[in-house]
Amino acid sequence: MLSEHHDILHEFPEFKSALTSLTSKDRDFAYLVARHDQLDDEIRCLEEQQQPISDEELEKMKFERAAMKDRIYQTLRAAAAQ
């Protein structure tokens, strides 16, 4: 959906404390979250401004974002379970 935020905090507000804790303690996790949110911004910008990009490339970016989101979610769930 155009202009919809998919950054991690918007996606998983119930994990806010775990997200804050993990990003401050785990450099790799923090990088993954930052990269996800950066890619989300890129996708939104491309969609909103109708930048010239192939549908295949945009779908590839969305697939990458979804894969990162899945990894982040699994990490957050594991941290919350501890």
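Residues numbered from 1 in each chain as written. Predicted model: local features only at pLDDT ≥ 70, side-chain atom pairs only at ≥ 80, totals over all residues. Heavy atoms only, no water.

## Here's the deal with the packing of helix H2 (residues 16-25) against helix H4 (residues 55-81)
The contact between H2 and H4 brings their axes to 10 Å, and the two run at 100 degrees. Taken as axis vectors, H2 and H4 run roughly perpendicular relative to one another. Side by side, H2 and H4 meet where Ala 18, Leu 19 and Leu 22 of the first sit next to Thr 75, Leu 76 and Ala 79 of the second. Residues belonging to the contact of H2 with H4 are distributed by class as follows: five nonpolar, one polar and no charged. (Axes fitted to C-alpha atoms, helices over the stretch in contact; angles between N-to-C directions. Helix = DSSP H or I, 4+ residues; strand = E, 2+ residues; numbered from the N terminus. Parallel < 35°, antiparallel > 145°, perpendicular 65-115°, else oblique. Contact = heavy atoms within 4.5 Å. Nonpolar A, V, L, I, M, F, W, Y, C, P; charged D, E, K, R; others polar.)

## Quick look at the pattern of salt bridges
Within this structure, the stated rule accounts for six salt bridges. As a salt-bridge pair, Arg 65 and Asp 40 come within 2.8 Å of each other at their nearest N and O atoms. Highlighted residues: Arg 65 in helix H4 and Asp 40 in helix H3 (residues 27-49), separated in sequence by 25 residues. Taking relative accessible area as the criterion, Asp 40 reaches 0% and is therefore assigned buried. Bridged by salt links that share partners, the residues Arg 35, Glu 42 and Glu 64 form one connected network. (Salt bridge = Lys/Arg side-chain N within 4 Å of Asp/Glu carboxyl O. Buried < 20%, exposed > 50% of the residue type's maximum accessible area, 1.4 Å probe, protein only.)

## Brief notes about the confidence of the model for the protein chain
Mean pLDDT for the protein chain: 91, with 96% of residues reaching 70 or above. Put simply, helix H1 (residues 8-11) is where the protein chain has its lowest mean pLDDT, 92, and H4 is where it has its highest, 95. (pLDDT = per-residue confidence, 0-100.)

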